[in-house]
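Each chain, letter by letter, is given below.
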Amino acid sequence: MDSDERDAQDPRPYGRRTFLALVAGGLTSLWWGKPLWDRLSPTLRPAADLLPPQVRAIVPSGWRIYTVAATMPRFNRRTWRLRIDGLVAQPLELSYEQLLALPRAEQVSDFHCVTGWSVDHVHWAGVRFADLLRAVRPLPQARALTFVSAERPYVDSLTLEEAYLKDAMLAYEMDGKPLPRPHGAPARVVIPEMYGYKNVKWVERIIVANRPLDGYWEVRGYDRDAWVGRSNGHYGNA
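Each chain carries its own residue numbering, running from 1 in the written order of its sequence. Only residues with pLDDT of at least 70 get local features here, since the model is predicted, and only at 80 or more are side-chain atom pairs given and counted; chain-wide, interface and lining totals rely on the full set of residues. Each side-chain value is worked out from all heavy atoms of the structure, with water and hydrogens disregarded.

### Remarks on the overall build of the chain
Then comes step 1: In terms of regular secondary structure, the chain is built from seven helices and ten strands.
Then comes step 2: Relative to its full complement of 238 residues, the chain shows a buried share of 51%.
Then comes step 3: Working rule for contacts: check all heavy atoms of both residues, and any pair within 4.5 Å makes them a contact. Sequence separation of at least 24 residues holds for 66% of the intrachain contacts in the chain that already meet a minimum separation of 6. Every helix listed is a DSSP run of H or I at least four residues long, and every strand listed is a run of E at least two residues long, numbered separately from the N terminus. Only protein chains enter the calculation, and the probe is 1.4 Å; a residue is then buried if its accessible area is under 20% of its type maximum, exposed if over 50%, and partly exposed in between.

### Observations concerning the pattern of salt bridges
Then comes step 1: For this analysis, a salt bridge means a side-chain nitrogen from Lys or Arg found within 4 Å of a carboxyl oxygen belonging to Asp or Glu. Under the counting rule described, the total for this entry stands at eleven salt bridges.
Then comes step 2: In this structure, Asp156 and Lys198 form a salt bridge, with 2.6 Å as the shortest nitrogen-oxygen distance. Residue Asp156 is found in strand β6 (residues 155–159), and its partner Lys198 is found in the loop between β9 (188–190) and β10 (203–209); the two are separated by 42 residues along the sequence.
Then comes step 3: Residues joined by salt bridges that share partners form a network here, namely Arg83, Asp85, Glu93 and Arg205.

### With respect to the packing of aromatic side chains
Then comes step 1: Ring geometry is summarised as follows: Phe, Tyr and Trp rings, the Trp one being its six-membered ring, pair when their centres sit within 6.5 Å, and such pairs are stacked at plane angles under 30 degrees, edge-to-face over 60 and tilted between the two. Tallied over the entire structure, the rule returns twelve aromatic pairs.
Then comes step 2: Here the aromatic cluster, defined as three or more aromatic residues joined through ring pairs, consists of Tyr154, Tyr197, Tyr216, Trp217 and Tyr222.
Then comes step 3: By the criterion adopted, a ring carries a charge over it if an Arg CZ or a Lys NZ lies within 6 Å of its centre and within 35 degrees of its normal. A cation over a ring is seen here: Arg220 above Tyr216, with NZ or CZ 3.7 Å from the ring centre.

### Some words on the pairing of strand β2 (residues 92–95)
Then comes step 1: The pairing of strand β1 (residues 81–86) with β2 spans four bridges and is classified as antiparallel. Looking at the pairing, Arg83 lines up with Glu93 of β2.
Then comes step 2: Here the rule is simple: two strands pair whenever DSSP picks up at least two bridges between them. Counting the residues between successive antiparallel strands, the hairpin from β1 to β2 contains five residues.

### So, the environment of Ala163
Then comes step 1: Along the chain, Ala163 turns up in helix α7 (residues 160–163).
Then comes step 2: Classification of Ala163 by relative accessible area gives buried; the value is 1%.
Then comes step 3: A C-alpha to C-alpha distance of 7.7 Å links Ala163 and Leu145, two positions 18 residues apart in sequence.
Then comes step 4: When sequence neighbours within four positions are dropped, the list of residues in contact with Ala163 reads Phe129, Leu145, Leu158 and Ala168.

### Quick word on the side chain of Ser149
Then comes step 1: Along the polypeptide, Ser149 turns up in strand β5 (residues 144–149).
Then comes step 2: Pairs of N or O atoms within 3.5 Å make up the polar contacts considered here, provided that, within protein, one atom can donate a hydrogen while the other can accept it, and that residues adjacent in sequence are counted only when both atoms are side-chain atoms. In terms of polar contacts, Ser149 uses its side chain to reach the backbone carbonyl oxygen of Lys201, at 2.8 Å.
Then comes step 3: Excluding residues that lie within four positions of it along the chain, Ser149 makes contacts with Tyr154, Val200, Lys201, Trp202, Val203 and Glu204.

### A closer look at the side chain of Asp156
Then comes step 1: The class of Asp156 is buried, set by a relative accessible area of 1%.
Then comes step 2: A distance of 2.6 Å separates polar atoms of two side chains, one belonging to Asp156 and the other to Lys198.

### A short note on unusual backbone geometry
Then comes step 1: Look at the link from Arg152 to Pro153: it is a cis peptide, with omega at 5°.
Then comes step 2: Position of Pro153 relative to the elements: it lies in the loop between β5 and β6.
Then comes step 3: The omega torsion across Ala185 and Pro186 is 10°, close enough to zero to call that bond cis.
Then comes step 4: Checked against the element boundaries, Pro186 lands in the loop between β8 (177–178) and β9.
Then comes step 5: One non-glycine residue with positive phi stands out, namely Arg137, at about 55°.
Then comes step 6: Of note, Arg137 is situated in the loop between α6 (129–133) and β5.

### Considering the pairing of strand β4 (residues 118–127)
Then comes step 1: Relative to β4, strand β3 (residues 105–112) runs antiparallel, the two sharing seven bridges. When the bridges of β4 are listed, Val108 appears paired with His123.
Then comes step 2: Taken together, β3 and the strand that follows it, β4, pair antiparallel across an intervening segment of five residues, in which Gly116 is found at a positive phi of about 120°.
Then comes step 3: The pairing of β4 with strand β7 (residues 169–174) spans four bridges and is antiparallel. Among the inter-strand pairings, Val127 is bridged to a residue of β7, identified as Leu170.

Scope: geometric values only; no functional claims are made or implied.
And the structure:
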């Protein structure tokens, strides 16, 4: 049974204090693959067991899965819609099929989490933000995009300049397959120049705004512009 199937019935208390207790004990990343776990001090294991199963998910490819809600959102292909609104001439709702019909872009890029781990050579496919926004026609005062996740209360934002970087996209495929649930199905932000907490998963709404806002981790002290190698964050939404 994988982590996102276990979490709904998990009764254990957990939270930021539990995480910080583990960090104080010397654990700097929320990934417990077997080689590392076998080397952990037994004194850390009881504290680790207080964390929700979705945080402790182990993915063989090396990804560490983080969530901020009790369960991961579920994707229903028939009913899912992506809403794009805000400072636009024509608000829009896209079905999954309509999203797939937009100009397709592909790239291979590395993914970096602010905790210090990376996954190299990830093959993404999706839509460039310029193509995604063409139909809604952002107004002249538009300066930023706010991404609303189905994982409440996760939000984050990019400036339009950041969103229009040549390798930024709204991705719907990873490594040749539709995004799996732990990686943000059906659509997630990919911006390789920034740490994972800016790569919002489970995107269901994009708000075109006149300025970027402080997202879920920024209001907790993380950098708004989370450039790889130049951010003060500690952990994020991988």
